[in-house]
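The primary structure of each chain is shown beneath.
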Amino acid sequence: MTNAKKLIHLFKCAGAKIRHRKIVNMATLRMKQLKLWTLGLSMMILAGCQTTAHLSPVVEDAQAHDVSQPFTYIKQQQKRPVVALVLGSGGARGYAHIGVIEVLEQQGIRPDFIVGTSAGSIVGSIYASGKSAAELRDIALKLKANDVRDVNLSLKGFFDGKKVEDYINQQVHNTPLQKLKIPLYVVATELKDGTKTVFNYGNTGQAVRASASIPSMFVPTMIHDVEYVDGGLVSPVPVQVARELGADVVIAVDILAQPIHTETTNVWGLFNQNINIMQGRLAEEELKEADIVIQPDLREKAHIFDVKGRESTMQAGIDAANEKLADIQWAIQSKTDFSKTDQQNMAVQQNRSLPR
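Along every chain, residues carry numbers that run from 1 in the direction the sequence is written. Reporting in this predicted model follows two pLDDT cut-offs: at least 70 for local features of residues, and 80 or more for side-chain atom pairs to be given and counted; totals over whole chains, interfaces and linings ignore these cut-offs and use all residues. Side-chain numbers come from the whole structure's heavy atoms, not from hydrogens or water.

### Thoughts on the overall build of the protein
Rule in force here: In DSSP terms, a helix is any run of H or I states spanning at least four residues, a strand is any run of E spanning at least two, and both are numbered starting from the N terminus. For every residue, the accessible area (1.4 Å probe, protein chains only) is compared with the maximum for its type, and the residue is labelled buried under 20%, exposed over 50%, or partly exposed between those bounds. The criterion used for residue contact is that any of the two residues' heavy atoms lie within 4.5 Å. A 1.4 Å probe and the Shrake-Rupley method give the accessible areas. Residues count as covered only by the protein chains that appear here.
When helices and strands are tallied, the protein shows 11 helices and 10 strands. Expressed as a percentage of the 356 residues in the protein, the buried residues total 44%. Contacts spanning at least 24 positions in sequence make up 77% of the contacts within the protein whose residues lie at least 6 apart. As displayed, the protein has an accessible area near 20100 Å², and 57% of this comes from carbon and sulfur atoms.

### Comments concerning unusual backbone geometry
Phi is positive for Lys-79, which is not a glycine, with a value near 50 degrees. Note that Lys-79 resides in the loop between α2 (72-78) and β1 (83-87). Relative accessible area serves as the criterion here: at 41%, Lys-79 is assigned to the partly exposed category. One non-glycine residue, Ser-216, lies in the positive phi region at around 75 degrees. In this structure, Ser-216 sits in the loop between α8 (204-211) and β7 (221-223).

### Details of the nonpolar core
Definition in use: Nonpolar cores are built from buried Ala, Val, Leu, Ile, Met, Phe, Trp, Tyr and Cys residues. Side-chain atoms within 4.5 Å join them into one set.
By size, the foremost hydrophobic cluster in this structure holds 59 residues, and its most contacted members are Leu-85, Ile-101, Ile-114, Phe-199, Ile-294 and Ile-328. Of the residues forming this core, the biggest block, nine residues, is contributed by helix α11 (residues 310-353). Setting aside chain neighbours within four positions, we find Ile-328 in contact with Leu-104, Ile-109, Ile-251, Ile-292 and Ile-294. Listed in part, the 22 residues of the second largest apolar core include Val-82, Val-115, Val-187 and Val-241.

### Looking at the side chain of Asn-169
Within the element layout of this structure, Asn-169 appears in helix α7 (residues 162-171). Among residues more than four places away in sequence, those in contact with Asn-169 are Asn-174, Asn-203, Thr-204 and Gly-205.

### Some remarks on a nonpolar patch on the surface
Quick reminder of the rule: Residues forming no salt bridge and having over 30% relative accessible area are the ones grouped into patches, like charges within 9 Å of each other and nonpolar side chains (Val, Leu, Ile, Met, Phe, Trp, Tyr) within 5 Å. A pair is scored as a salt bridge if a Lys or Arg side-chain nitrogen falls within 4 Å of a carboxyl oxygen belonging to Asp or Glu.
Where nonpolar side chains cluster on the molecular surface, the patch consists of Val-151, Leu-153 and Phe-158 and spans about 360 Å² of accessible area. Checked against the element boundaries, Val-151 lands in strand β3 (residues 151-154).

### A short note on the environment of Asn-200
Selection criterion: Here a polar contact is taken to be a pair of N or O atoms separated by no more than 3.5 Å, where protein atoms must pair a possible hydrogen donor with a possible acceptor and residues adjacent in sequence count only if both atoms sit in side chains.
Looking at where Asn-200 falls in the secondary structure, it is placed in the loop between β6 (196-199) and α8. For Asn-200 and Gln-178, which are 22 residues apart along the polypeptide, the C-alpha to C-alpha distance reads 6.2 Å. If sequence neighbours within four positions are ignored, Asn-200 has contacts with Gln-63, Ala-64, His-65, Val-67, Leu-177, Gln-178, Leu-184 and Tyr-185. In terms of polar contacts, Asn-200 uses its side chain to reach the backbone amide nitrogen of His-65, at 2.8 Å.

### A short note on the packing of helix α3 (residues 95-106) against helix α4 (residues 119-128)
When two helices pack together, their arrangement is given by the angle between the helix axes and the distance between those axes. Heads up, the rule is: The convention used is that axes are lines fitted to C-alpha atoms, helices contributing only their stretch in contact, and that angles between N-to-C directions extend from 0 to 180 degrees. Each angle is binned into one of four classes, with values under 35 degrees roughly parallel, values over 145 roughly antiparallel, values of 65 to 115 roughly perpendicular, and all other values oblique. Here a crossing is taken to be left-handed if its near helix is turned anticlockwise relative to the far helix by less than a right angle, and right-handed if that turn runs clockwise.
Look at α3 against α4: their axes get within 9 Å of each other, and the N-to-C directions meet at 40 degrees. With respect to α4, the axis of α3 lies oblique. The two elements α3 and α4 meet at a crossing, and its hand is right-handed. Along the contact surface, α3 presents His-97, Ile-98 and Ile-101, while α4 presents Ala-119, Gly-120, Val-123 and Tyr-127.

### Considerations on α8
The element α8 is extensively covered by neighbouring structure, given that eight of its eight residues are classed as buried. Here α8 has its buried residues at Thr-204, Gly-205, Gln-206, Ala-207, Val-208, Arg-209, Ala-210 and Ser-211. A distance of 3.1 Å separates the backbone nitrogen of Gly-205 from a side-chain oxygen at the start of α8, and that oxygen is part of Asn-203.

### Some words on the environment of Ile-277
Tracing the sequence through the fold places Ile-277 in helix α10 (residues 267-287). Taking the C-alpha atoms as reference, Ile-277 lies 8.2 Å from Gln-258; in sequence the two are 19 residues apart.

### Re the packing of α4 against α8
Where we set the bar: Amino acid classes used here: Ala, Val, Leu, Ile, Met, Phe, Trp, Tyr, Cys and Pro are nonpolar; Asp, Glu, Lys and Arg are charged; the rest, including Gly, are polar.
Relative orientation of the contacting elements α4 and α8 amounts to 160 degrees, with a least axis distance of 8 Å. Taken as axis vectors, α4 and α8 run roughly antiparallel relative to one another. Crossing of α4 over α8 shows right-handed handedness. Contacts from Ser-121, Ile-122 and Ser-125 of α4 reach α8 at Thr-204, Val-208 and Ser-211. A breakdown of the residues in the contact of α4 with α8 according to their chemical character gives two nonpolar, four polar and no charged.

### Comments concerning the pairing of β6
Heads up, the rule is: If DSSP finds at least two bridges between two strands, the strands pair.
Along β6, the buried face is formed by Thr-197 and Phe-199; none of Lys-196 and Val-198, which line the opposite face, is buried. Alignment of strand β5 (residues 184-190) against β6, held across four bridges, turns out to be antiparallel. Paired with Val-186 across the bridge in β6 is Phe-199. Taking the residues between adjacent antiparallel strands as the criterion, β5 and β6 are bridged by five residues, where Gly-194 takes a positive phi near 75 degrees.

### A word on the pairing of β5
Among the seven residues of β5, seven are classified as buried, and the element is accordingly described as predominantly covered. Neither face of β5 is open: one carries Leu-184, Val-186, Ala-188 and Glu-190, the other Tyr-185, Val-187 and Thr-189, and all of them are buried. Note: strand β2 (residues 113-117) against β5, four bridges, orientation parallel. Paired with Val-115 across the bridge in β5 is Tyr-185. Across three bridges, the pairing between β5 and strand β8 (residues 226-230) is antiparallel. Residue pairing for β8: Thr-189 is matched across the bridge by Val-229.

Structure, rendered in structure tokens:
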């Protein structure tokens, strides 16, 4: 082989090695890029899962679990009466509940559990989540009608109610009923047969939505293939539920409109009057079982989504609660003394029964 041919051969070999090295380097680079892309995709998926879990945690549907005297331990261990706060239905007049809670909080009176119907369940759920009276007031003043109103022109109602559910769950940080800081019992009505249902487990917002689904205005709330509507149809001020749960002292807040103050010169007024008369009769019977009945001085002027007059409505609750404050304190104290005396008598009887 001539020198020229040898030189050409060497160049060819060198070129082949360079091309091979380039191919290997490119393949290595591609592999690194693929690994980085795969890692990035995995991180995005994980981040997406975490974000989704944070925004929409899985919460079981609202349920009514059977309970029997769940607060007996308070009497036995803390030797004091069980205090229940009952918050009744009443649409936009529900702002008065906040005023009542404000007075109770200032006096250090904290209920052992809350029973709420309709508007009472809305205020009660947010309070039960751990919010203070001041926070409740702030939330109320910032509420916009569109926060809870979703138009749905169906044959069963004008509003869907999903926004109410979402709003409540947002306020309680998606805490289910059984994990609220103050036990909450939400009253709703089963549409098919008019049965009273008391939700105490699962989706808080869903239970409140059911309790506040005014018939013909809101589409009934479907839970486990059962339709539910406003609890005010069967128990507008649910005192009986509080008694059945073992309350010794029941503080009931009645914000129902008084028929004498209802305007009846138009269709809307007549519709309201029908409800007011019916609910008034039902509430009258239950309120007989309450130790304290707080009835703020309200007039039938506010629409369910009225955003005006909130301050005056809350003030009406404050005034009414202050008027009953001495009675509330006396009821709790008298039941406390009775509880202690009763326990002392039981102890004496047990001692007498012991063999000597």
